[in-house]
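The primary structure of each chain is shown beneath.
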Amino acid sequence: MHLRNLCNDSARCGGLIAHMVSVGQRRIILDYSRQLVTGQTMELLFDLADSVGFTQKRADMKSGIRINTTEDRAVLHHVLRMPKEYLYRENPEGASLLKAVHQVREQIRDFTDCVRSELHMGVTGKPFKNVLSIGIGGSHLGPEFVYEALRADRSAALASEGRQVRFLANVDPVDFYLCTKDLDPAETLIVIVSKTFTTAETMLNARTARDWLVSNLTRPHLGEGDVVAKHMVAVSCNTGRCVEFGISANRVFGFWDWVGGRYSVCSAVGLVPLSLHYSYEVMEQFLNGAHNMDEHFFNSPLRDNIPLILGLLGVWNSTFLGYGVRALLPYSQALRRFPAHIQQVDMESNGKRVTLDGLPLAHPSGEVNFGEPGTNGQHSFYQLMHQGRVIPADFIGFMESQHPMDLEGEAVSNHDELMSNFFAQPDALAYGKTITDLIQEGVPEELHQHMAFPGNRPSSSILMTRLDAFAVGQLLAMYEHRTAVQGFIWGINSWDQYGVEIGKVLAKQVRTQLRATRKTGASVQGFNGSTSSLLEAYLAHGKH
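Residues numbered from 1 in each chain as written. Predicted model: local features only at pLDDT ≥ 70, side-chain atom pairs only at ≥ 80, totals over all residues. Heavy atoms only, no water.

Side note on the overall build of the protein
- For the protein, the helix and strand inventory stands at 22 helices and 11 strands.
- Relative to its length of 544 residues, the protein is compact, with a C-alpha radius of gyration of 25 Å against a globular reference of 24 Å.
- With the C-alpha coordinates aligned to their principal axes, the bounding extent of the protein is approximately 85 × 60 × 60 Å.
- For the protein, with 544 residues in total, the buried portion stands at 52%.
- The long-range share in the protein, meaning contacts at least 24 apart out of those at least 6 apart in sequence, stands at 74%.
- Looking at the protein as shown, the accessible area adds up to about 24200 Å², and 52% of this sits on carbon and sulfur atoms.
- Here the protein contributes 50 positive and 57 negative side-chain charges, whose respective centroids are spaced 7 Å apart. (Helix = DSSP H or I, 4+ residues; strand = E, 2+ residues; numbered from the N terminus. Rg over C-alpha atoms; globule rule 2.2 N^0.38 Å. Buried < 20%, exposed > 50% of the residue type's maximum accessible area, 1.4 Å probe, protein only. Contact = heavy atoms within 4.5 Å. Areas by Shrake-Rupley, 256 points an atom, 1.4 Å probe, with all protein chains shown as cover. Lys, Arg positive; Asp, Glu negative; His and termini not counted. Charge placed at Lys NZ, Arg CZ, Asp CG, Glu CD.)

Written as structure tokens, this is what we have:
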């Protein structure tokens, strides 16, 4: 079968579309007619979901069963988005969980309102105009994606006028320098995000930031404790370590072990820095959008369930058709950090080698995820997609622009120009261009093979009404649940991440060696020949 033929079957195409209508006549249209499937393929995939007990696994997730078996934890990031009055009957502890979540949310609202209204100011009496959020992985990528997504939204931009927020993740000192070089410490509030308050990179950056504040702000009447108490807050499960660091206990915003780092943007991890910047009210809309998609995922019929369909197509393309790479292509500059966040959500969750029972998988799980906003990506890697490797893709577009422009004399508005490409590229990938087409176009024969496009490249198109805080929440939850679906189908634990830890353990050994050599001149020992020679060359250089 070739998509050139499949896409000309109007009955087939009409059956491969899913719709979701929500608050304010917002629409989400998922058109997956350009995937290499027929109606029968989809029915077989829904049968596969039934055969692995998808519905029960989804119910277990919602109700708080400890589906993260290796760490003996529930997976409840969806609870972070539930409204205060929500009747969470599926979980026997639902009422107490929801009460705890909203206690933290109210703490965040009260504190961020206090900072934004200038009731809480720095030690010099200046209001806080800058927020520096220090965290890595999920503590960085999720909040940064949401920040970028809302910068051009009118409501969010108005709420953040005169403010700036920056995200410091890399332990590379260049990152700290670039984040702080033009900030006034007197106007800067620092948020340290670490579940355990022990993450090596985050804590070194936190100590560096503390030193930056203290060296610039201490006075005869102001000590280190005064500066830290006013200028630093924490998001952590470990209040004791935060207090030891110098942060007041009432400036520690908690979350729970059932919130995985890559799923934590809806917790205090994202809410604290983003509410300081955009306001709690804007972020509440973000949470409402995520909850709206949660309800769709947990309650919609399977054949209308957008995250389920996306997940089944992911399994189809990777496990059955053997495409190990996929692209996320938002035709929105505001979503420029969305592919990076979903890259972590998906690859850290589903990059596993064994089943829940510890048995080797009979097939690879997980895909390499990458992406770039259109039309930038068209001038980067689309060449490979059209004439090189087959890379299934999701195209995301919006009916309305966050910042419309329509120049007099131009054929179309700027947004229509963008969306022309959104609509054209999936067809170009699907149909390709044949030798017959080239002959009809009068292309010289010697160029035929160079200019032919095989087509048959699968993709899905997701069209949404507008990109605002509510829609950002919907998008986030949609792709979080897609990842869960694929993990359920493959029978793996999508919720642990032991692959993140192995390098950290080895890094401790290297750190010990670097310290010993620099302080006492100790020789390099205990490494293989390759690592030893590289370490010796690095240490011999002297400067660091």
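After presenting the structure, the write-up continues.
Structural notes on the layout of surface pockets
- Approximately 500 Å³ is the volume found for the second largest pocket.
- Taken together, 23 residues line the second largest pocket, and the ones lying closest to its centre are Ser332, Gln333, Ala334, Ser401 and Leu418.
- Counting residues domain by domain, the lining of the second largest pocket receives three or more from each of domain 1 (3–18 + 26–67 + 300–401 + 422–496) and domain 2 (79–284). (1 Å grid on protein atoms, 1.4 Å probe; cavity = no way out; pocket = protein on both sides within 12 Å on 5 of 7 lines; lining within 4 Å. Points joined across faces, edges and corners; volume = space filled by probe spheres on them. Domains from an automatic or database assignment.)

Considering the packing of aromatic side chains
- Taken as a whole and assessed by the stated rule, the structure comprises 18 aromatic pairs.
- With a centroid separation of 4.9 Å and an interplanar angle of 70 degrees, the aromatic rings of Phe370 and Phe381 are classed as edge-to-face. Residue Phe370 is found in strand β9 (residues 368–371), and its partner Phe381 is found in the loop between β9 and α16 (382–387); the two are separated by 11 residues along the sequence.
- Judged by its relative accessible area of 23%, Phe370 is partly exposed.
- Classification of Phe381 by relative accessible area gives buried; the value is 15%.
- Ring pairs connect the aromatic residues Phe54, Phe297, Phe298 and Phe488, which therefore count as one cluster.
- In this structure, Arg58 is placed above the aromatic ring of Phe297, and the distance from its NZ or CZ to the ring centre is 6.0 Å. (Phe/Tyr/Trp six-rings, centres within 6.5 Å; stacked < 30°, edge-to-face > 60°. Lys NZ or Arg CZ within 6 Å of the ring centre and 35° of its normal.)

Quick word on the pairing of strand β10 (residues 393–398)
- With respect to burial, β10 is a largely interior element, six of its six residues being buried.
- Alternating residues of β10 divide into Ala393, Phe395 and Gly397 and Asp394, Ile396 and Phe398, and every residue in both groups is buried.
- Bridge count between strand β8 (residues 325–330) and β10: four bridges; the pairing is parallel. Bridging from a neighbouring strand, Leu328 pairs with Asp394 of β10.
- Here six bridges tie β10 to strand β11 (residues 459–464), and the two strands are oriented parallel to one another. (Pairing = 2+ DSSP bridges.)

Re unusual backbone geometry
- Going from Gly374 to Thr375, the amide bond is cis rather than trans, its omega being 10 degrees.
- With respect to the element layout, Thr375 can be found in the loop between β9 and α16.
- A positive phi angle, close to 55 degrees, is found at Gln25, a residue other than glycine.
- Structurally, the position occupied by Gln25 is in the loop between β1 (17–22) and β2 (26–31).
- The exposed category is assigned to Gln25, whose relative accessible area is 63%.
- A positive phi is found at Glu118, a non-glycine position, where the angle reads about 70 degrees.

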